[in-house]
Amino acid sequence: MSLGENFTRGVVEAFGYKIPYIEAGEGEVLISLPGSAGLELSTAKDELAKSYRVIELDPPGWGETTPLEGRMRQRDLAIVLAAAIQEMGIDSYHLLGTSMGGTNAYWLASQYPDRVKSIILEAPMLFTGPDELIDPSALQMIEALVGGMPIPDMSGYPAPPPHPNKPWADEAFFREQMRRRFVMMAKSDHSYDAPELRAFAQTSEIPTLLLFGTEEEILNQGYPEHFKSLVRGGKVSILEGGIHDLQNSVPDAFVAEVKAHIG
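Summary of the structure given here. (Residues numbered from 1 in each chain as written. Predicted model: local features only at pLDDT ≥ 70, side-chain atom pairs only at ≥ 80, totals over all residues. Heavy atoms only, no water.)

What to know about the overall build of the chain
Summing up its helical and strand segments, the chain has 9 helices and 8 strands in all. Against the compact-globule benchmark of 18 Å for 263 residues, the chain has a radius of gyration of 17 Å, which places it among compact chains. The dimensions of the chain, computed from C-alpha atoms along their principal axes, are 45 × 45 × 40 Å. By the burial criterion, 54% of the 263 residues in the chain qualify as buried. Within the chain, contacts between residues at least 6 apart in sequence are counted, and of these 74% link residues at least 24 apart. Roughly 11500 Å² of accessible area belongs to the chain as shown, and the carbon and sulfur atoms make up 51% of that amount. (Helix = DSSP H or I, 4+ residues; strand = E, 2+ residues; numbered from the N terminus. Rg over C-alpha atoms; globule rule 2.2 N^0.38 Å. Buried < 20%, exposed > 50% of the residue type's maximum accessible area, 1.4 Å probe, protein only. Contact = heavy atoms within 4.5 Å. Areas by Shrake-Rupley, 256 points an atom, 1.4 Å probe, with all protein chains shown as cover.)

In structure tokens:
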């Protein structure tokens, strides 16, 4: 079976934004909010769709969506996403947030806790600053983009070799993903560590799981302890051999942890 073969594509509208999504499966609803490059198929989502109704949304200004004209605060983006999910007739769901999408997921849960049954965070850019990053200079790039720096030319950008479990991630794929990230970053406020999120983390009763890889290349290996110190009752699972993209690098372990958490 080819990647994403059972997923169908659709568009839902909320607050005037047309939001693309992919969907497959039946049963408990698992809403997936992608990382900074936007909507992306994965080996893990293919497997999860055998047990759940899996829906991944492409947030406004992310991925293949129309670039935003003005800046979008993450707390407001979460409101748009929550409205889109409700427009699909879904009142409650499990929530999976990947990388920067983890912050979107946490903003959504903090504002609509009655709708979220559980939270799974895949190497999230949540509660992060220079001390949590392997390369803190990445924050300077984001600040420069927000400040109006032109989107960098990606044609000569060095690309790492594809992970063995993600052979389609060649140089062209990598450069396009980076371009999408830069376009999105220029229009987002990147509220990763807002006081409201810290307050929610200390009071929330939503079961929350952090998934983190031993070969993580963006967040440092001290991040799980940082997470546990901030999220009351938060659970952590370290996936052996996993890189930042856990869904493709260690899909079996990823799926097993998600299924155990959802129950």
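Side note on helix α9 (residues 251–262)
Look at α9: 16 Å from first C-alpha to last across 12 residues, which is about the 16 Å you get at 1.5 Å a residue. Backbone geometry just after α9 places Gly263 at a positive phi near 85°. (Expected span 1.5 Å × (residues − 1).)

As for empty space enclosed by the protein
Enumeration over the complete set of coordinates arrives at 1 cavity of 30 Å³ or more. Along its surface, the largest cavity is lined by Pro60, Gly61, Trp62, Leu68, Met72, Gln74, Leu77, Met184, Lys187 and Ser188. (1 Å grid on protein atoms, 1.4 Å probe; cavity = no way out; pocket = protein on both sides within 12 Å on 5 of 7 lines; lining within 4 Å. Points joined across faces, edges and corners; volume = space filled by probe spheres on them.)

Brief notes about unusual backbone geometry
The residue Phe15 is not glycine, and still its phi comes out positive at about 55°. Summarising the element assignment, Phe15 is placed in the loop between β1 (8–14) and β2 (17–24). Since its relative accessible area comes to 61%, Phe15 is described here as exposed.

Things to note about the nonpolar core
Judged by nonpolar contacts, the single largest core of 61 residues is most densely connected at Ile31, Leu57, Tyr93, Leu95, Tyr106 and Leu108. In terms of residue count, helix α2 (residues 74–87) provides more of this core than any other element does, 7 residues in total. Aside from chain neighbours lying at most four places away, what touches Leu95 is Leu30, Ile31, Leu33, Ala105, Leu108, Ala109, Val116, Ser118, Ile119 and Ile120. The next biggest cluster of nonpolar side chains, apart from the first, holds 21 residues, and it includes Ile22, Leu48, Leu96 and Val250. (Core = buried A, V, L, I, M, F, W, Y, C linked by side-chain atoms within 4.5 Å.)

So, helix α3 (residues 100–111)
With 12 residues, α3 extends 18 Å from end C-alpha to end C-alpha; this agrees with the ideal 16 Å at 1.5 Å per step. Those residues of α3 that sit buried are Met100, Gly101, Gly102, Thr103, Asn104, Ala105, Tyr106, Trp107, Leu108 and Ala109.

Quick word on the environment of Lys166
Inspection of the secondary structure puts Lys166 in the loop between α4 (137–146) and α5 (171–185). Classification of Lys166 as buried rests on a relative accessible area of 13%. In this structure, the C-alpha to C-alpha distance between Lys166 and Val258, residues 92 residues apart in sequence, is 20 Å. Those residues in contact with Lys166 that lie beyond four places of it in its chain are Glu40, Phe173, Asp245 and Asn248.

Observations regarding the side chain of Ser191
Assignment of secondary structure puts Ser191 in the loop between α5 and α6 (195–203). The buried category is assigned to Ser191, whose relative accessible area is 14%. Sequence-distant contacts of Ser191, defined by excluding residues within four places in its chain, comprise Gln74, Thr103, Trp107 and Leu197.

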